[in-house]
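Here is what each chain is made of, one letter per residue.
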Amino acid sequence: MLKGKHIVLGICGGIAAYKSVTLLRLLTKAGAEVQVVMTPAGKEFITPVTLSSLSQRPVVSEFFTANTGEWHSHVDLGLWADLMVIAPATASTMAKMAHGVADNMLVTTYLSAREPVMIAPAMDLDMYRHPTTQRNLRQLAADGVMIVEAETGALASGLQGKGRMAEPEEIFAIIERYFARCESLAGKKAVVTAGPTYEKLDPVRFIGNFSSGKMGFAIAGELADRGAEVTLVAGPVSLTVDHPRIRRVDVESAEEMCDATTQAFAGSDIAVFSAAVADYRPAERKDQKIKREGVATQTIELVRNPDIAARCGDMKRRGQVTVGFALETDDGHDAAHKKLHNKNLDFVVLNSLKDKGAGFRTDTNRVTIVSEDGEQAFPLKSKREVAADIVDAIEKAMK
Ligand code: CTP
């Protein structure tokens, strides 16, 4: 699984740095090519000589080699690596990562990383539970950084508590699982709808909604990260996407979204309908701006839009897995079950606007995945983590 994989191993200044030697050994023994990048403080805890002999590559820690002036390119490392693992990650480095303080080679490499990043925090218990550290951890998770939680036990300070870096064998197992997941949907095709639709009233006005598209983009990213070829049909959103396996189709109205989605659905193995599609559109779209002069009240006649999920449900072949969303203002379990049947879905992802941190325009979501077999409720998580839970459920259904 790890043979030939390129891994940047970041090492910060903490006593747990000695465990990084074991991690490095495990990675290289498994056939990975590892480039060690250290912070200046990291070198106080473990010598670059040990690490460079084990990795068979000179350790990078300064921007320049002092005697030759040779420049170490953090950009090249970002292009080379399949994964960056920072173990141990100290409070200071996490704070710099969360705020983009690129004052050393390791943080600069992080900021240039195109590959996914995993961190294994290690510090004293009070530093770990400090609101600042917890805030930075939440920010990094929201930025898509994978976090290997610190463990509880004896700390270098002599105190007992949470802050010990996970054991190198545990981090290694997580890295192996990560790479196994990367290819779990190779050869599969998926279509994802995301964002709102805009239904034009006249050249300057529309009917729309507050959907940001973040959930759908996170799902498209997760599917693509696991090897699927994804068509992302996006309504008007201000998000960008940069993934070689994501083909983005920008649309505006529900009818346009329906055309693009049904077309892609025919050849897809997976469909996720996360867009907040306007159920209705104006019966008439005025060519000229609607004027208010002499008009005390306005009535706009609306007509039904196509139900994209239901249309795909009618076209559905055996083996295709489809997922819809239900955003409800009450608990919504009955509505979720109804959607499951009416739209011929395998799952409905239920989220309630009653939950703080769930729904539109947030970076987090709290969902329940509803299927014929039952319900699975998840705690509040970043949308990227929610996307991983949804894609896990899809993969299970495909087996
Ligand atoms: N959906 C869709 N096309 C539509 C409306 C909804 O594809 N025209 C999809 C959404 O992307 C979502 C699911 O169907 O996955 C549920 O959307 P929702 O608007 O809640 O469903 P409705 O059947 O319109 O239910 P209600 O009006 O009760 O909210």
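Up top is the structure these notes are about.
As the structure is a computational prediction, the values presented were derived from the model and not from experiment.

Draft legend 1. Quick look at the sheet that holds strand β13 (residues 270-273). In space, the eight strands of this open sheet follow the order β12-β11-β8-β13-β16-β17-β19-β20, with mixed pairing throughout. Two strands close off the open sheet at either side, each with one partner strand: β12 (246-250) and β20 (374-377). Averaged over all pairs of adjacent strands, the angle between their axes in this sheet comes to 15°, without regard to strand direction. When strand β17 (residues 347-352) meets strand β19 (residues 368-371), the two strands line up antiparallel, connected through three bridges. Across the sheet, the residue bridging to Val-348 is Val-370, located in β19.

Draft legend 2. Structural detail: the pairing of strand β2 (residues 33-38). Judged by how many residues are buried, β2 sits mostly within the fold: five of six residues are covered. Bridge count for strand β1 (residues 6-11) against β2 is six bridges, and the pairing is parallel. Among the inter-strand pairings, Gly-10 is bridged to a residue of β2, identified as Val-37. Between β1 and its parallel partner β2, the chain crosses via helix α1 (residues 17-29), and the hand of that crossover is right-handed.

Draft legend 3. Fine view of the site of the ligand. Taken together, the residues surrounding the ligand are Phe-273, Ala-275, Val-277, Asp-279, Pro-306, Asp-307, Ile-308, Ala-309, Gly-324, Phe-325, Lys-339 and Lys-343. In this structure, Asp-307 approaches the ligand through a side-chain N or O atom, which is 3.5 Å from a nitrogen atom. Lys-339 is positioned such that a nitrogen or oxygen atom in its side chain is 2.9 Å from an oxygen atom of the ligand. Coverage of the ligand by the protein amounts to 73% of the 570 Å² it exposes when considered alone. When atoms are counted within 2 Å of each cavity's grid points, the one that captures over half of the ligand is the second largest pocket.

Draft legend 4. Up close: the nonpolar core. Counting 33 residues, the largest nonpolar core has Val-192, Ile-219, Leu-223, Val-230, Val-272 and Ile-390 as its most contacted members. Going through the elements one at a time, β8 (189-194), α10 (214-225), β11 (229-234), β13, β16 (321-328), β17 and α14 (383-398) are the ones with two or more residues in this core. At seven residues, α10 tops the list of elements feeding residues into this core. Residues within four places of Ile-390 in sequence aside, it is in contact with Met-215, Ile-219, Val-323, Phe-325, Val-349 and Ile-369. Within the second largest apolar cluster, 32 residues are counted, among which are Val-36, Ala-87, Val-148 and Ala-166.

Draft legend 5. Representation of the pattern of salt bridges within the structure. Under the definition given, this model contains 23 salt bridges. With a shortest N-O distance of 2.5 Å, Asp-202 and Arg-205 are connected by a salt bridge. Put simply, Asp-225 and Arg-384 hold a salt bridge, and the shortest N to O gap is 2.5 Å. One end of the pair, Asp-225, is in helix α10; the other, Arg-384, is in helix α14, and 159 residues separate them in sequence. Judged by relative accessible area, Arg-384 falls into the partly exposed class, the value being 29%. A single network of salt bridges, built from pairs that share partners, joins Arg-181, Glu-222, Asp-225, Arg-226, Arg-384, Asp-392 and Glu-395.

Draft legend 6. Fine view of helix α9 (residues 168-182). Here α9 is 15 residues long and its end C-alpha atoms lie 21 Å apart, about the 21 Å a rise of 1.5 Å per residue gives. Looking at the packing, one finds that the buried side of α9 touches β1, α1, β3 (83-89), β4 (117-121), β5 (146-147) and α10.

Draft legend 7. How the structure looks around unusual backbone geometry. Geometrically, the link from Ala-87 to Pro-88 is a cis peptide bond, its omega value of 0° lying close to zero. Relative to the helices and strands, Pro-88 resides in strand β3. Unusually for a residue other than glycine, Gln-56 sits at a positive phi of about 60°. Mapped onto the secondary structure, Gln-56 falls in the loop between α3 (48-55) and α4 (74-80). Residue Gln-56 is classed as exposed on the basis of its relative accessible area of 71%. A positive phi angle, close to 55°, is found at Asn-344, a residue other than glycine.

Draft legend 8. Molecular detail of the packing of aromatic side chains. Throughout the structure, instances matching the rule amount to two aromatic pairs. Considering the side-chain rings of Tyr-178 and Phe-179, the 5.0 Å spacing of their centres and the 70° angle between planes classify their relative orientation as edge-to-face. Comparing Tyr-178 with Phe-179, the two get one shared label, buried. Ring centres 3.7 Å apart and planes at 15° place the aromatic pair Tyr-198 and Phe-206 in the stacked group. Its relative accessible area of 41% is what places Phe-206 among the partly exposed residues.

Draft legend 9. Quick peek at the layout of surface pockets. Within this model, the second largest pocket holds a volume of roughly 860 Å³. As for the second largest pocket, its lining consists of 36 residues, of which Ser-274, Ala-275, Ala-276, Val-277 and Phe-325 are closest to the centre. Elements represented by at least two residues in the lining of the second largest pocket include exactly α10, α12 (308-315) and β16. Among the elements that line the lining of the second largest pocket, the one with the most residues is β16, at four residues. Classifying every residue of the lining of the second largest pocket by side-chain character gives 14 nonpolar, 14 polar and eight charged.

About the criteria used
Residues numbered from 1 in each chain as written. Predicted model: local features only at pLDDT ≥ 70, side-chain atom pairs only at ≥ 80, totals over all residues. Heavy atoms only, no water. Pairing = 2+ DSSP bridges. Helix = DSSP H or I, 4+ residues; strand = E, 2+ residues; numbered from the N terminus. Axes fitted to C-alpha atoms, helices over the stretch in contact; angles between N-to-C directions. Buried < 20%, exposed > 50% of the residue type's maximum accessible area, 1.4 Å probe, protein only. Right-handed = clockwise from strand over helix to strand, strands pointing away. Near = heavy atom within 4 Å. Polar contact = N/O pair within 3.5 Å; in protein donor to acceptor, adjacent residues only side chain to side chain. Areas by Shrake-Rupley, 256 points an atom, 1.4 Å probe, with all protein chains shown as cover. 1 Å grid on protein atoms, 1.4 Å probe; cavity = no way out; pocket = protein on both sides within 12 Å on 5 of 7 lines; lining within 4 Å. Sits in = over half its atoms within 2 Å of the grid points. Core = buried A, V, L, I, M, F, W, Y, C linked by side-chain atoms within 4.5 Å. Contact = heavy atoms within 4.5 Å. Salt bridge = Lys/Arg side-chain N within 4 Å of Asp/Glu carboxyl O. Expected span 1.5 Å × (residues − 1). Phe/Tyr/Trp six-rings, centres within 6.5 Å; stacked < 30°, edge-to-face > 60°. Points joined across faces, edges and corners; volume = space filled by probe spheres on them. Nonpolar A, V, L, I, M, F, W, Y, C, P; charged D, E, K, R; others polar.

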